[in-house]
Amino acid sequence: MSVEVLLNQAEIDQALKAAMARLGNASKAGYKHKYDSAHLTPERMLQLDWQAACAEIAAAKWLKVPNFVLTIDTYKNQPDIEPDWEVKHTYRDNGHLIVQENDRDGDRVILVTGSNPFTIRGWLPVSYCKDSLYVKTTSRNTAYWVPQNELVQVG
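Residues numbered from 1 in each chain as written. Predicted model: local features only at pLDDT ≥ 70, side-chain atom pairs only at ≥ 80, totals over all residues. Heavy atoms only, no water.

J.: Outline the pattern of salt bridges, supporting the account with residue identities and numerical values.
T.: Taken as a whole and judged by the stated rule, the model has 8 salt bridges. With a shortest N-O distance of 2.8 Å, glutamate 56 and arginine 22 are connected by a salt bridge. Note that glutamate 56 is positioned in helix H2 (residues 42–62) and arginine 22 in helix H1 (residues 9–29), a separation of 34 residues in sequence. Both residues of the pair, glutamate 56 and arginine 22, count as buried. Salt-bridge contacts for arginine 121 lead to aspartate 93; the nearest nitrogen and oxygen are separated by 3.7 Å. Taken together, the residues arginine 121 in strand S5 (residues 118–125) and aspartate 93 in the loop between strand S2 (85–90) and strand S3 (97–99) connect sequence positions 28 residues apart. (Salt bridge = Lys/Arg side-chain N within 4 Å of Asp/Glu carboxyl O. Helix = DSSP H or I, 4+ residues; strand = E, 2+ residues; numbered from the N terminus. Buried < 20%, exposed > 50% of the residue type's maximum accessible area, 1.4 Å probe, protein only.)

J.: Any details on unusual backbone geometry? Residues and values, ideally.
T.: The phi angle of most residues is negative, glycine excepted, and most peptide bonds adopt the trans form. The residue after glutamate 82, namely proline 83, is reached through a cis peptide bond having omega 10°. Position of proline 83 relative to the elements: it lies in the loop between H2 and S2. One non-glycine residue with positive phi stands out, namely lysine 64, at about 60°. Positionally, lysine 64 belongs in the loop between H2 and S2. Lysine 64 gets classed as exposed once you look at its relative accessible area, which sits at 68%. The phi angle at asparagine 67 is positive, at roughly 55°, despite the residue not being glycine. Using a relative accessible area of 74% as the deciding quantity, one classes asparagine 67 as exposed.

J.: Before we move on, could you go through the environment of isoleucine 110 and cite the residues and values that matter?
T.: In this structure, isoleucine 110 sits in strand S4 (residues 108–113). According to the relative accessible area criterion, isoleucine 110 is buried, its value standing at 0%. Residues isoleucine 110 and leucine 70, spaced 40 residues apart in sequence, show a C-alpha to C-alpha distance of 16 Å. Ignoring sequence-local partners within four residues, the contact set of isoleucine 110 consists of Ala59, Trp62, Leu63, Trp85, Glu86, Val87, Lys88, Leu97, Ile120, Gly122 and Trp123. (Contact = heavy atoms within 4.5 Å.)

J.: Can you tell me about the environment of valine 154, naming the residues and giving the values?
T.: Mapped onto the elements, valine 154 comes out in the segment after strand S7 (142–146). Taking C-alpha positions, valine 154 is 6.7 Å from valine 3, a pair spaced 151 residues apart along the chain. The contacts of valine 154, once residues within four sequence positions are left out, are Met1, Ser2, Val3, Trp62, Ile120, Arg121, Gly122 and Trp123.

J.: Any chance you could break down the sheet that holds S7 for me, citing the residues and the numbers?
T.: Strand order in the open sheet formed by 3 strands is S3-S7-S6, with antiparallel pairing between adjacent strands. Strand pairing shows two members of the sheet lacking a second neighbour, S3 and strand S6 (135–137), which therefore form its edges. Looking at each pair of strands side by side, their axes are set apart by 40° on average, direction ignored. Across 3 bridges, the pairing between S3 and S7 is antiparallel. Paired with leucine 97 across the bridge in S7 is valine 146. (Pairing = 2+ DSSP bridges. Axes fitted to C-alpha atoms, helices over the stretch in contact; angles between N-to-C directions.)

J.: Describe in detail the sheet that holds S4, supporting the description with residues and values.
T.: Spatially, the 4 strands line up as an open sheet ordered S1-S5-S4-S2, and their pairing is mixed. Each edge of the open sheet carries a strand with a single partner, namely strand S1 (3–5) and S2. On average, each strand axis in the sheet is tilted by 35° relative to the strand beside it, whichever way the strands run. Its contacts with the sheet place H2 against S1, S2, S4 and S5, and it is angled at close to 75° to S5.

Next up, the structure:
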């Protein structure tokens, strides 16, 4: 089971501002994504970061976090949503929850798919995801790919 979350225009605008700040600051700081993104255009990177920020807002709404504020410049040093929620997004409705080695083991991770309305698919502890059962190596990197049917269901 899953839950749809609709963002309003102000939330979408907030996500765009955060995505632009994140991209600009990451570039200045020399931060590189764990996966290879060198082949992506700046426009595509902005689109992906914007959707990810929207997914964070959608997850915070689902979690009923009051006065949620998107983080900027935290990279992997703190969770997307306090106290311990990391948000992963894919536009693919049947997409996997992809956990990277540098995701914090003590966090929980939520899979959000699609675009407005966003769909909360489920969640798991990061440490549970880091199992050899889920390891997948692609041309970009090695990560943990958890199918949706393995997630704690929401709704």
